[in-house]
Amino acid sequence: MATIETVTLEVADPAAADRFHATAFGLDTRIRLRASEAPTTGFRGFTLALTVSQPADVNGFIDAALDAGATSLKPAAKSFWGYGGVVQAPDGTIWKIATSAKKDTGPATRKIDEIVLLLGVADVIASKRFYVGRGLAVAKSFSRVYVEFAAGESPVTGESPVKLALYRRRALAKDLGVSPEGTGTHGLLIGGDAGPFTDPDGFAWEAASLAGSAGHHRA
């Protein structure tokens, strides 16, 4: 089963982005950074979602992100699905921090249960078919609205890989509190054993070995 080993964010200042991600989220090497001056404006078509266990953890991560220079797009609040909020990092990446729980069960922690890469696509059915054809296994599917692929276990690190999900671009932008309009590069490279290829919406995958050998900063 194909998996995502790494997600590489293309940013103008990798050192500054590295400091932000270390301070805000303390993420491991599954999130990498690469210097790029490629033009991009507006919504880049994706978000990285951090799933945590309780609202206190959501608040802790969002507060840390804001203190490190992020901008609030959606303040943390209860919803039908649970509790969460959205911030935009100084490098432009949009992060969603959420939990399915609506009440705290203990002290706040910095533990991240799952990292999900949500791609905003033009046609969920067509993109689902494309990814299934490249070895990804569907875990959840809601018609033309949303698809989530199984993460499995990394054959390289033994860690739980980043989970991939597809959402309609306009619906994803609305959920994040931004306009769906955007031009230029996505500023994103996905490293995994399914690559290399570019999907129907222009999201680029590279072989996991290339992602690992490329220059990067720990995030």
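Residues numbered from 1 in each chain as written. Predicted model: local features only at pLDDT ≥ 70, side-chain atom pairs only at ≥ 80, totals over all residues. Heavy atoms only, no water.

**Regarding the pairing of strand β5 (residues 71-78)**
Test applied: Note on pairing: DSSP must find at least two bridges between two strands before they are called paired. A run of DSSP states H or I qualifies as a helix once it reaches four residues; a run of E qualifies as a strand once it reaches two. Both are numbered from the N-terminal end.
By the bridge criterion, five bridges tie β5 to strand β6 (residues 83-88) in an arrangement that is antiparallel. Pairing of Lys74 across the sheet is with Val86, part of β6. In this structure, the hairpin formed by β5 and β6 is closed by a connection of four residues, where Gly82 is found at a positive phi of approximately 155°.

**A closer look at the sheet that holds strand β13 (residues 188-192)**
Selection rule: Whether two residues are in contact is decided by their heavy atoms, any of which lying within 4.5 Å being enough. Here, axes are lines fitted to C-alpha atoms. For helices the fit covers the stretch in contact, and angles between N-to-C directions go from 0 to 180 degrees.
With mixed pairing, the five strands of this open sheet are ordered in space as β2-β1-β13-β15-β14. Each of the sheet's edge strands pairs with one partner strand only, and the pair in question is β2 (31-35) and β14 (197-198). Of the strand pairs in this sheet, β14 and strand β15 (residues 204-207) are connected by two bridges, and their pairing is antiparallel. Opposite Thr198, over in β15, you have Ala204 as the bridge partner. Against the sheet, helix α1 (residues 14-24) makes contact with β1 (4-11) and β2, and its axis sits at roughly 160° relative to β2, the strand it touches most.

**What about the environment of Arg19?**
Counting through the fold element by element, Arg19 comes out in helix α1. Once the C-alpha coordinates of Arg19 and Ala68 are considered, the two residues, 49 residues apart in sequence, prove to be 8.4 Å apart.

**Digging into the pattern of salt bridges**
Condition: Here, a salt bridge means any Lys or Arg side-chain nitrogen found within 4 Å of an Asp or Glu carboxyl oxygen. Note on exposure labels: buried denotes an accessible area under 20% of the residue type's maximum, exposed denotes more than 50%, and partly exposed covers the range between, all computed with a 1.4 Å probe on protein chains only.
For the structure shown, the criterion picks out six salt bridges. Among the ionic pairs, Asp113 bridges to Lys111, the shortest N-O distance being 2.8 Å. We classify Asp113 as partly exposed; its relative accessible area is 38%. The residue Glu114 makes a salt bridge to Lys163 at a minimum N-O spacing of 2.8 Å. With Glu114 in strand β8 (residues 114-121) and Lys163 in strand β11 (residues 163-168), this pair connects stretches of sequence that are 49 residues apart. You can call Lys163 buried: its relative accessible area is 13%. Here the residues in one salt-bridge network are Glu114, Glu148 and Lys163, joined through shared partners.

**Some words on the sheet that holds strand β10 (residues 146-149)**
Taken together, eight strands build an open sheet; the order of strands is β5-β6-β7-β4-β8-β11-β10-β9 and the sheet is mixed. Only two strands of the sheet have a single neighbouring strand rather than two, namely β5 and β9 (138-142). Shown here is a sheet whose adjacent strand axes are inclined to one another by a mean of 15°, direction ignored. Alignment of β9 against β10, held across four bridges, turns out to be antiparallel. When the sheet's bridge partners are listed, Ser141 is paired in β10 with Val147.

**Points about the packing of α1 against helix α2 (residues 55-67)**
Inclusion rule: We call two directions roughly parallel when the angle between them is under 35 degrees, roughly antiparallel when it is over 145, roughly perpendicular when it lies between 65 and 115, and oblique otherwise. Definitions for this section: a left-handed crossing has its near helix turned counterclockwise from the far helix by less than a right angle. A right-handed crossing has that turn clockwise. Following the grouping adopted for this structure description, the nonpolar residues are Ala, Val, Leu, Ile, Met, Phe, Trp, Tyr, Cys and Pro, the charged ones are Asp, Glu, Lys and Arg, and the polar ones are all others, Gly among them.
Two numbers describe how α1 lies on α2: the axes approach to 8 Å, and their chain directions differ by 150°. One finds that α1 runs roughly antiparallel with respect to α2. Here the hand of the crossing between α1 and α2 comes out right-handed. Along the contact surface, α1 presents Phe20, Thr23 and Ala24, while α2 presents Phe61, Ala64 and Ala65. Grouping the amino acids of the contact of α1 with α2 by side-chain chemistry returns five nonpolar, one polar and no charged.

**With respect to the packing of aromatic side chains**
As a reminder of what qualifies: A pair of aromatic rings is counted whenever rings of Phe, Tyr or Trp (Trp by its six-membered ring) have centres within 6.5 Å, and the orientation is called stacked for planes under 30 degrees apart, edge-to-face for over 60 and tilted otherwise. Charge over a ring is defined by NZ of Lys or CZ of Arg lying within 6 Å of the ring centre and within 35 degrees of the ring normal.
Tallying each qualifying case throughout the model produces twelve aromatic pairs. Ring geometry for Phe142 and Tyr146: centres 6.2 Å apart, planes at 35°, overall tilted. The ring of Phe197 is capped by Arg134, whose NZ or CZ atom sits 5.5 Å from the centre of that ring.

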